[in-house]
Amino acid sequence: YYVTVRPSLGKEEMKRATLQLGHLYGINGNLNKAKALFSEVINNPKKYSKDLVAESYAGLGEVQFHQGDFKKAQKNFETALKKNSSQSGQVRYRL
């Protein structure tokens, strides 16, 4: 569902749908899809809201953490904090 409707959503709805889709990919073991989704947002920041970009850094860090790539995860968690991620509590916990 989220994959189908994402292109037609406004910025706030896009944020929620993208984060939910990334989360669903992750909990279903599709870490590479989650990683690709968060990376797509990070690599195209003008296309998305600042909040979604910040949350995508946190999401990418979470994926990398679960993949055992702790140095990259740390870098993305730190970037998420600098960009004022609303997930700062979870990010600080991981750091």
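This text follows the structure it describes.
Calculation notes
Residues numbered from 1 in each chain as written. Predicted model: local features only at pLDDT ≥ 70, side-chain atom pairs only at ≥ 80, totals over all residues. Heavy atoms only, no water. Core = buried A, V, L, I, M, F, W, Y, C linked by side-chain atoms within 4.5 Å. Buried < 20%, exposed > 50% of the residue type's maximum accessible area, 1.4 Å probe, protein only. Helix = DSSP H or I, 4+ residues; strand = E, 2+ residues; numbered from the N terminus. Contact = heavy atoms within 4.5 Å. Expected span 1.5 Å × (residues − 1). Arc of directions from axis to C-beta. Phe/Tyr/Trp six-rings, centres within 6.5 Å; stacked < 30°, edge-to-face > 60°. Salt bridge = Lys/Arg side-chain N within 4 Å of Asp/Glu carboxyl O. Axes fitted to C-alpha atoms, helices over the stretch in contact; angles between N-to-C directions. Parallel < 35°, antiparallel > 145°, perpendicular 65-115°, else oblique. Left-handed = near helix turned anticlockwise from the far one by under 90°. Nonpolar A, V, L, I, M, F, W, Y, C, P; charged D, E, K, R; others polar.

By size, the foremost hydrophobic cluster in this structure holds 20 residues, and its most contacted members are Phe38, Tyr48 and Leu52. Those elements that provide at least two residues to this core are α2 (11–27), α3 (31–43), α4 (50–66) and α5 (70–82). Take this core: its biggest share by element is 6 residues, from α4. Phe38 has contacts with Leu19, Gly22, His23, Ser56, Gly59, Leu60 and Val63, leaving out every residue within four places of it along the chain.

Relative to the 18 Å expected for 13 residues at 1.5 Å per residue, α3 spans 18 Å between its end C-alpha atoms, a close match to the ideal helical length. Considered for burial, the residues of α3 that qualify are Ala34, Leu37, Phe38, Val41 and Ile42. Mapping the buried residues of α3 onto a view down its axis gives an arc of 135°, with all of them on the same face. Every exposed residue of α3 that faces more than 90 degrees away from the buried side is listed here: Asn32 and Asn43.

This part is about the packing of aromatic side chains. Between two aromatic rings, the relevant description is the distance of the centres plus the angle of the planes. Applying the stated rule across the entire model yields 1 aromatic pair. Between Phe65 and Phe70, the aromatic rings sit 5.4 Å apart at their centres with planes inclined by 70°, giving edge-to-face as the arrangement. Phe70 sits in the partly exposed class, given a relative accessible area of 48%.

Considering all chains together, one arrives at 3 salt bridges under this definition. Glu40 is the partner of Lys47 in a salt bridge, and the nearest nitrogen-oxygen pair spans 3.9 Å. Residue classification places Lys47 among the exposed residues on the basis of a relative accessible area of 57%.

It is worth spelling out α5 at this point. Between the first and last C-alpha of α5 there are 18 Å, a value that for 13 residues agrees with the 18 Å anticipated at 1.5 Å per step. When we look at burial in α5, the residues that qualify are Ala73, Asn76, Phe77, Thr79 and Ala80. Relative to the axis of α5, the buried residues are bounded by an arc of 160° and lie together on one face. In this structure, α5 carries Lys71, Lys75 and Lys82 as exposed residues pointing more than 90 degrees from its buried face. Contact partners of the buried residues in α5: α4 and α6 (88–94). Directly after α5, the chain includes Asn84, whose backbone phi takes a positive value near 60°.

It is worth spelling out the packing of α2 against α4 at this point. Remark: α2 packs on α4, axes separated minimally by 9 Å, with the N-to-C direction vectors making an angle of 10°. The angle between α2 and α4 places the two elements in the roughly parallel class. Crossing handedness for the pair α2 and α4: right-handed. On α4, the residues that touch Met14, Lys15, Thr18 and Leu19 of α2 are Asp51, Leu52 and Glu55. Looking at the contact of α2 with α4 residue by residue, the classes come out as 3 nonpolar, 1 polar and 3 charged.

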